[in-house]
Structure formats: C-alpha cells, structure tokens
There are 2 protein chains.
Amino acid sequence: MRAAIELAVENVRAGRGGPFAAVVVRDGRIIAEGTNTVTSSCDPTAHAEINAVRNACRELADYQLHECDIYTTCEPCPMCLGALYWARPRRVYYAATRDDAATAGFDDAFIYEEILRACEQRRLPMQQLLRDEAQASFEAWTAKPDRVEY
Amino acid sequence: MRAAIELAVENVRAGRGGPFAAVVVRDGRIIAEGTNTVTSSCDPTAHAEINAVRNACRELADYQLHECDIYTTCEPCPMCLGALYWARPRRVYYAATRDDAATAGFDDAFIYEEILRACEQRRLPMQQLLRDEAQASFEAWTAKPDRVEY
C-alpha cells in the first residue's frame, strides 16, 4: 500500500491526473500498477484501479485476476468496484474512503448515492426503449456453441 | 438503438465478446461505437459502454461527453453506470435489463446487489489499511495550484 501511496503522490506532482494509484500483487510481487490518468489521457474511465486491472490482465494475458490482491489508495468508486468484481481478484485493500475523496472534490460518494436510486430518480436521465428487439443479441449468444463465457 | 442492437448481434457472431454494444450520438450523428471485447482483448473492463465512452472521448479529444447521448443495448452494469456518470453525457438510453443479462449468464444483477451491501458483507473481501498515510496524495492534490479537475 505504501508503494501505491507513493505512486499517487507522484502522479499528482507529474500532473498526470487525480491523486489515486493502485497496484496488483501476485505471489508477493507487484505485477502491475495504475494511476489516475483521466485528464492526461482524455479518458474518464482511466481511474487507478481500471488502469491497474487492464495492465495486470495484459501482463497475465488473462481477463481474470483470480490469484491477485489489489491495493488501492482510495475506496474504489462504483465504476472501479464494478471493474474489480468483473476482474475477480482474491482480495482488495483500500486506504482512504469515498468521503475523503469527496472532501477533495471527487464525485465518488455522489455516484454511490445515485446508483442506489431507481433509474427515474437519478440525476442522469435514463430511458428504456426497444427491450424486445434487444433480446436478439442474447438469443445469438445462447445459440452460439463456442461462446467464451466470462 | 437499432444500430447498437445490430452491432451487438454481429459482435457475438464474430466471437469478439459478450452480446452487448453501445453507440454515442452527438448532433444526431453516431460519433463512436463500442462492443464488448472482454474475452478477445483480455480486459474485464472492456464492456460496450466503456469502449464506446473511450472511443467517443478520443474522437472529441475530451474527457467529458456533455452534448452526447448514449444508446446501449442493455442496462449498464455498475461499472458502466459509474463510467457514464464520470463521462457526464446528456442522456442514456438502454434496451434490455440487468435481469435479461442475468438470464443470459452475466453478473450484472449480482454486482448491483453486492454494491448495495456494506463492505464487510460483500462476497469480494475488502479491507482498509493506512487511511492516514493515504491523505498525503489528497494533500498534494489540494496544494497543487495548476491541478486539472474533472
């Protein structure tokens, strides 16, 4: 975690993005790092954990991180928590909280509140349409004998 | 939305990943597309919406999608919903639901349930450590006069 905190501080100093970093550890060794590069890479999904997961998966040539632990300098935002579920690491360690992030001006706590709300009560307008027609893609999926599940 | 559904079906047929696609529209024109490429790109974060947001941001050279609408073939999973909040589009349209996705074998509904739980009750073990030391990165952030906020 101390290595991640050092990376986060360095990330701010270098002007690469927000004050966040994460490292992925496997067999006691850091196999990948990630820092927040939202503004420098023009990518709102380029949070520390997402970048670390992507780098670790590239390193392992796998889309799962079963034997890995992730150390992140801040409680993951909903996007990153979702990404961690999809990556399926063994364990996640975090340091600062979503409220620490909110105090520093980041939307983490706000997005947690929004996700708990029903669609129609959210600040981001969402509308459903063509649900029936969209089943075609699931039908193609379940009918495909050589589909690769994840 | 019909363009997105067609992309999702084609994505399955081509074996690139799960049965999901999204398009980003600005001024009545599709400016970017994204399909699920989790398995083919070895990237658990490569969901349709994440790929579409990344492609649209690259197209616009911006980390925000203020004037854009996003059409996605399925209700966004928590990771993608979080990504949409960070990207700040004008409006999101979706077709299938998280339960449709669950029926086809995807974890979307499960992850929504998990995110609602307190950390210590989640299936993914999470543990906090070194909260105090991690404040160093936020202190560096707030002390940086030329920080680029997002």
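Right above here is the structure, for reference.
Residues numbered from 1 in each chain as written. Chains lettered and ligands numbered in written order. Predicted model: local features only at pLDDT ≥ 70, side-chain atom pairs only at ≥ 80, totals over all residues. Heavy atoms only, no water.

Draft legend 1. A look at the environment of Pro78 of chain A. Among the secondary structure elements, Pro78 of chain A is positioned in helix H3 (residues 78-87). The class for Pro78 of chain A is buried, based on a relative accessible area of 0%. Each C-alpha atom of the pair Pro78 of chain A and Ala52 of chain A lies 16 Å from the other, and the pair is 26 residues apart in sequence. Look past the residues within four positions of Pro78 of chain A in its chain and what remains in contact with it is Asp108, Ile111, Tyr112 and Ile115 of chain A together with Pro78, Met79 and Ile115 of chain B. (Helix = DSSP H or I, 4+ residues; strand = E, 2+ residues; numbered from the N terminus. Buried < 20%, exposed > 50% of the residue type's maximum accessible area, 1.4 Å probe, protein only. Contact = heavy atoms within 4.5 Å.)

Draft legend 2. Representation of the relation of the copies chain A and chain B within the structure. When chain A is brought onto chain B, the operation consists of a screw motion whose angular component is 180° and whose axial shift is 0.0 Å, with 0.0 Å RMSD remaining. Read as a symmetry element, the transformation amounts to a two-fold axis. For chain A, the smallest separation between a C-alpha atom and the rotation axis is recorded for Met79 of chain A, amounting to 1.9 Å. (Least-squares fit on C-alpha atoms with pLDDT ≥ 70 in both.)

Draft legend 3. Layout of the interface of chain A and chain B. Listed as interface residues are 86 residues of chain A and, on the opposing side, 86 residues of chain B. Summed over both partners, the interface of chain A with chain B buries about 7900 Å², with 69% contributed by carbon and sulfur atoms. Its largest share of buried area at the contact with chain B, chain A owes to Tyr85, Trp86 and Tyr150 of chain A, together 11% of the area lost on that side. Where chain A touches chain B, the interface holds eight salt bridges. A salt bridge links Arg88 of chain A to Asp107 of chain B; the shortest N-O distance between them is 2.8 Å. Taken together, the residues of the side of chain A that touches chain B break down into 53 nonpolar, 14 polar and 19 charged. As defined by bridge partners, strand S5 (residues 126-128) of chain A adjoins strand S4 (residues 91-96) of chain B across three bridges and the pair is classed as parallel. The residue bridging Gln128 of chain A from the neighbouring strand is Tyr94 of chain B, located in S4 of chain B. (Buried area = accessible area lost by both parts, 1.4 Å probe. Salt bridge = Lys/Arg side-chain N within 4 Å of Asp/Glu carboxyl O. Nonpolar A, V, L, I, M, F, W, Y, C, P; charged D, E, K, R; others polar. Pairing = 2+ DSSP bridges.)

Draft legend 4. Summary view of the layout of surface pockets. The calculated volume of the largest pocket comes to roughly 150 Å³. In terms of lining residues, the largest pocket is bounded by Arg98, Asp99, Ala109, Tyr112, Glu113 and Leu116 of chain A together with Ile115, Leu116, Arg117, Ala118, Cys119 and Arg122 of chain B. With four residues, helix H5 (residues 108-116) of chain A is the single largest residue contributor to the lining of the largest pocket. The class makeup of the residues in the lining of the largest pocket is seven nonpolar, no polar and five charged. (1 Å grid on protein atoms, 1.4 Å probe; cavity = no way out; pocket = protein on both sides within 12 Å on 5 of 7 lines; lining within 4 Å. Points joined across faces, edges and corners; volume = space filled by probe spheres on them.)

Draft legend 5. Geometry of the sheet that holds strand S2 (residues 29-35) of chain B. Taken in spatial order, the five strands make up an open sheet running S5(A)-S4(B)-S3(B)-S1(B)-S2(B), and their pairing is mixed. Bordering the open sheet on either side are S5 of chain A together with S2 of chain B, each of which pairs with just one other strand. Adjacent strand axes in the sheet meet at a mean angle of 20° when their direction is disregarded. Of the strands in this sheet, strand S1 (21-26), S2 and strand S3 (68-74) of chain B are in contact with helix H2 (residues 48-60) of chain B, which crosses S2 of chain B at around 140°. (Axes fitted to C-alpha atoms, helices over the stretch in contact; angles between N-to-C directions.)

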